[in-house]
Amino acid sequence: LLSRHEAGELRVEIPFILSNHNHLKHVAERFEIPFVHIPNSADRKAEAEQEMIQICKEHSVDFIVLARYMQILSPNFVDAYNNRIINIHHSFLPAFPGAKPYHSAFARGVKIIGATSHYVTSELDAGPIIEQDVARVSHRDSIDDLVRKGRDLEKLVLSRAVYKHVNRMVLVYGNKTVVF
């Protein structure tokens, strides 16, 4: 997303990158985007989410993109940005929701893996789907191969979803979308 933004392919303002960990701060610095770190552990989840909502309001954030956030957002947070939080999931949903879908796909011997970008709802990995794509895999592929192929898909699917959202090409009704 940041490369596409820098190249002028994704015409949005990115006021900051907010993260619950510091290990990718150098990426924000590389793209000269302010970096905000708000730790989000179980014992301070409500406080952390309130801080996140506050900083988003201060910067008039229209929508949020989750990438490697790996936390379940509370209904309060989701409601504050209803159909305006875009997530990338490393699976062809609704198959293999949750944290380790490539491992589950490998264990099932699937022949395709995928990536799904969707709007976040209170139900884990179950929001209205914006964009999906797949790649073929075989018995010769290891879990590492599935992860590598999947990460390539994730980048494409997320950038397509954000592009479509920004350009108002997505209409949400119920738990479905119409994408133009």
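Just so it is clear, the model here is predicted, and its values are computed rather than measured.

Participant: Before we go on, may I ask you to explain the side chain of D141 in this structure?
Facilitator: The topology assignment puts D141 in the loop between strand 6 (129–136) and helix 6 (143–166). Look at D141 and you get buried, because its relative accessible area is 11%. Polar contacts involving the side chain of D141 include one to the main-chain amide nitrogen of S138, which spans 2.8 Å. Looking at D141, its side chain comes within polar contact range of the side chain of K149, at 3.1 Å. Excluding anything up to four places from it in sequence, D141 contacts F106, L146 and K149.

Participant: Just to check I follow, could you spell out the packing of helix 5 (residues 101–108) against helix 6 for this structure?
Facilitator: Two quantities define a packed helix pair, namely the angle between the axes and the distance from one axis to the other. Relative orientation of the contacting elements helix 5 and helix 6 amounts to 125°, with a least axis distance of 9 Å. For the element pair helix 5 / helix 6, the angle class is oblique. The handedness of the crossing between helix 5 and helix 6 comes out as right-handed. Facing Y102, H103, A105 and F106 of helix 5, the residues of helix 6 in contact are I143, L146, V147, G150, R151 and E154. By residue class, the composition of the contact of helix 5 with helix 6 is six nonpolar, two polar and two charged.

About the thresholds
- Residues numbered from 1 in each chain as written.
- Predicted model: local features only at pLDDT ≥ 70, side-chain atom pairs only at ≥ 80, totals over all residues.
- Heavy atoms only, no water.
- Helix = DSSP H or I, 4+ residues; strand = E, 2+ residues; numbered from the N terminus.
- Buried < 20%, exposed > 50% of the residue type's maximum accessible area, 1.4 Å probe, protein only.
- Polar contact = N/O pair within 3.5 Å; in protein donor to acceptor, adjacent residues only side chain to side chain.
- Contact = heavy atoms within 4.5 Å.
- Axes fitted to C-alpha atoms, helices over the stretch in contact; angles between N-to-C directions.
- Parallel < 35°, antiparallel > 145°, perpendicular 65-115°, else oblique.
- Left-handed = near helix turned anticlockwise from the far one by under 90°.
- Nonpolar A, V, L, I, M, F, W, Y, C, P; charged D, E, K, R; others polar.

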